[in-house]
Amino acid sequence: MAEVLKGKKIVLGITGSIAAYKACYIIRGLIKKGAEVQVVITPAGKEFITPITLSALTSKPVISEFFAQRDGTWNSHVDLGLWADAMLIAPATASTIGKMANGVADNMLITTYLSAKAPVFVAPAMDLDMFAHPSTQKNLDTLRSYGNHIIEPASGELASHLVGKGRMEEPDNIIRHLEEYFASKEGDLKDKTILITTGPTYEKIDPVRFIGNYSSGKMGFALADECASRGAKVILIAGPTQQKTRYTSVERYDVESASQMFEAVKEKFPEADAAILSAAVADYTPEQVADEKIKREKTGEMTLALKPTQDIAAYLGSWKNNFPLREKILVGFALETNNEETNALDKLNRKNLDFIVLNSLNDKGAGFQCDTNKVTIIDREGREEYPLKSKAEVAHDIVNHLAKVLKK
């Protein structure tokens, strides 16, 4: 994952919310990623968490008042606003959001906000009724119109039943929003669109049976996370899988069959600068699909006639040179059980790939449904073999190679 927060100066504003304790986790997460954090807290915020705790975490004095001493020493909100690469207000209460939207500069946090030249991120924290109130929604819309980034509270059926939509987003997700922002501005894949296929395909026999494989989709999702963390827009076309994306910049399309995946890839490929084909697409599909469940008592032995599916990699390999204004890079995968490198090289050349990622079922920990992988990256200039690693680390290696190819 790209270290886009390393060296970044973050002003963290903390307000008077029960969620103020989560600021400790935000601080720890930001510092772990190499950021420098300066806390500005409202008087009400100090009722929920002590400045000494925050100072111990940041190794900086916490700023709360305009005047630090009674001898005339004062904290410059203007200097603080200019120092920051980003300002994050988490938790942000309804009161603070209202003040920000209307320019009510009655505390150090608001004056710093009004002086900030850097992007501002706001993580609301309040009960559901306050969050849903028209005045709160109007104030949030006003902040959006000012160019602020609103990190929406937890949502979805589970969240709404358990804690309410007004709950502050979790610290890891808040940090991820900052990472995505800086990656989109500074990452080595910024302004690039990467199409990724992942997961298995299911080829129906009847309404309850299918031909499939053991692919979990973990490798493709790791690749999507890695590309997104480096600033790319990711188009992820996923077969049936329980995996989830971590970044909002990932545009996900769920498909089931090889034909559905082919149609989705064909539609989205013109938008992409590169395509990484990590899906385990079925090579064959039944010639006929029964409308009703096939009964064993009626059929006894069954012969299943299969026909080839559309070869997505070969199709894109023959098509990719038809885009004169944008050279497209095509990355394939080869999962082999014998004659591994010979078969991978044949696939590389036959399907007009730019490079291919080879792994073998003979290598322990490198097959389907594992959290690790052991790959060799092969292109027309040579090969590079990597040891067994986590799939996140393997994704980093693959995307490093892709980034070099895209720069050529």
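Please set out the overall build of the protein chain residue by residue, giving values where relevant.
Scanning the protein chain from terminus to terminus reveals 15 helices and 19 strands. Principal axes of the C-alpha set define a box for the protein chain whose edges measure 90 × 55 × 40 Å. Here the protein chain, with 408 residues, has 50% of them falling under the buried criterion. With an accessible surface of roughly 20200 Å², the protein chain has 49% of that area assigned to carbon and sulfur atoms. Between the averaged position of the 50 positive side-chain charges in the protein chain and that of its 53 negative side-chain charges there is a distance of 2 Å.

Which residues make up the sheet that holds strand E11 (residues 274-277), and what values do they have?
If you walk across this open sheet you meet the 8 strands as E10-E9-E6-E11-E14-E15-E17-E18, and the pairing is mixed. Either end of the sheet is taken by a strand with one partner, and the two such strands are strand E10 (250-254) and strand E18 (382-385). Strand after strand, the sheet turns through a mean of 15° between neighbouring axes, direction not considered. Looking at chain direction, strand E15 (residues 355-360) and strand E17 (residues 376-379) are connected through 4 bridges and run antiparallel. Counterpart to leucine 358 in the pairing with E17 is threonine 376.

Lay out the sheet that holds strand E2 (residues 36-41) with the relevant residues and their values.
One open sheet holds the 5 strands; their spatial order is E2-E1-E3-E4-E5, and the pairing between them is parallel. Strand pairing shows two members of the sheet lacking a second neighbour, E2 and strand E5 (149-150), which therefore form its edges. Bridge count between strand E3 (residues 86-92) and strand E4 (residues 120-124): 4 bridges; the pairing is parallel. Looking at E4, one finds that leucine 88 is bridged to phenylalanine 121. Strand contacts of helix H1 (residues 22-32): strand E1 (9-14), E2 and E3, with the helix running at about 175° to E1, the strand carrying the most contacts.

How would you sum up unusual backbone geometry? Please name residues and give values.
A cis amide bond links alanine 90 to the next residue, proline 91, at an omega of 5°. In this fold, proline 91 is placed in strand E3. We note that asparagine 339 has phi near 45°; this positive angle belongs to a residue other than glycine. With respect to the helices and strands, asparagine 339 occurs in the loop between strand E14 (329-336) and helix H14 (340-350). The exposure class of asparagine 339 is exposed, given its relative accessible area of 52%. You will see that asparagine 352, though not glycine, has its phi angle at about 60°, which is positive. Within the element layout of this structure, asparagine 352 appears in the loop between H14 and E15. Residue classification places asparagine 352 among the partly exposed residues on the basis of a relative accessible area of 26%.

Residue-level account of the packing of aromatic side chains, with values.
Counted according to the given criterion, the structure contains 9 aromatic pairs. Judged by centre distance (5.5 Å) and plane angle (40°), the ring pair of phenylalanine 269 and tryptophan 319 falls under tilted. You can see phenylalanine 269 sitting in the loop between helix H11 (258-268) and E11 and its partner tryptophan 319 sitting in helix H13 (residues 312-319), a full 50 residues away along the chain. As far as burial versus exposure is concerned, phenylalanine 269 and tryptophan 319 are alike and both buried. One Lys or Arg, arginine 176, reaches over the ring of tyrosine 247 and ends 5.9 Å from the middle of that ring.

Account for the layout of surface pockets, with residues named and values stated.
Looking at the largest pocket, its volume works out to about 970 Å³. Of all the elements in the fold, those that place two or more residues in the lining of the largest pocket are strand E6 (193-198), helix H10 (218-229), H13, E14 and H14. Tallying contributions element by element places E14 first for the lining of the largest pocket, with 5 residues. Broken down by class, the residue content of the lining of the largest pocket amounts to 18 nonpolar, 17 polar and 9 charged.

Can you tell me about helix H5 (residues 108-115), naming the residues and giving the values?
In terms of burial, H5 is largely enclosed, as 7 of its 8 residues are buried. Where H5 is concerned, the buried positions are Met108, Leu109, Ile110, Thr111, Thr112, Tyr113 and Ser115. For H5, the N-terminal capping position is held by asparagine 107, with its side-chain oxygen 3.1 Å away from the main-chain nitrogen of leucine 109.

Describe in detail the pairing of E1, supporting the description with residues and values.
As a general feature of sheets, a regular strand has side chains that alternate between the two faces. Judged by how many residues are buried, E1 sits mostly within the fold: 5 of 6 residues are covered. Strand direction decides the pairing type here: E1 and E2, joined by 6 bridges, are parallel. By the bridge assignment for E2, valine 11 is matched with glutamine 38. Chirality of the crossover, the property in question, places the unit of E1, H1 and E2 among those that are right-handed. As defined by bridge partners, E1 adjoins E3 across 4 bridges and the pair is classed as parallel. Paired with glycine 13 across the strands is isoleucine 89, a residue of E3.

Definitions and limits used
By convention here, each chain's residues receive numbers from 1 onward along its written sequence. Restriction of local features to residues with pLDDT of at least 70 applies here, the model being predicted, together with a cutoff of 80 or more for giving and counting side-chain atom pairs; totals for whole chains, interfaces and linings are based on all residues. Here the side-chain values reflect all heavy atoms present in the structure, with hydrogen atoms and water set aside. Helix and strand definitions here come from DSSP, where helices need a minimum of 4 consecutive H or I residues and strands a minimum of 2 consecutive E residues; each element is numbered from the N-terminal end. For the exposure calls, accessible area comes from a 1.4 Å probe over protein chains only, and a residue counts as buried if that area is under 20% of its type's maximum, exposed if over 50%, partly exposed in between. Accessible surface is estimated by sampling points in the Shrake-Rupley manner with a 1.4 Å probe; for residues, cover comes only from the protein chains shown. For the charge count, each Lys or Arg is scored as positive and each Asp or Glu as negative, with His and the chain ends excluded. The atom standing in for a charge is NZ when the residue is Lys, CZ when it is Arg, CG when it is Asp and CD when it is Glu. The pairing criterion for strands is at least two bridges between them, as found by DSSP. Working convention: axes come from line fits to C-alpha atoms, limited for helices to the stretch in contact. Angles between N-to-C directions cover 0 to 180 degrees. Should any heavy atoms of two residues lie within 4.5 Å, those residues are considered in contact. Stacked, tilted and edge-to-face are the three classes applied to pairs of Phe, Tyr and Trp rings, where Trp contributes its six-membered ring and a pair requires centres within 6.5 Å; stacked means planes under 30 degrees apart, edge-to-face means over 60, and tilted covers the rest. The criterion for a charge sitting over a ring is simple: Lys NZ or Arg CZ within 6 Å of the ring centre, and within 35 degrees of the ring normal. Each cavity reported here is a set of points on a 1 Å grid over the protein atoms alone in which a 1.4 Å probe fits but cannot get out, each pocket an open set with protein on both sides within 12 Å along at least five of seven lines, and each lining residue one with an atom within 4 Å of a point. Grid points are joined across faces, edges and corners, and a volume is the space filled by probe spheres set on the points. For this classification, the nonpolar set comprises Ala, Val, Leu, Ile, Met, Phe, Trp, Tyr, Cys and Pro, the charged set comprises Asp, Glu, Lys and Arg, and every other residue, Gly included, is treated as polar. Side-chain atoms alone can form a polar contact between residues adjacent in sequence; in general such a contact is a pair of N or O atoms within 3.5 Å, and within protein one must be able to donate a hydrogen while the other accepts it. The handedness of a crossover follows from its direction of travel: if, with the strands pointing away from the viewer, the path from the first strand over the helix to the second runs clockwise, the crossover is right-handed.

By themselves, these observations are geometric and do not establish any function.
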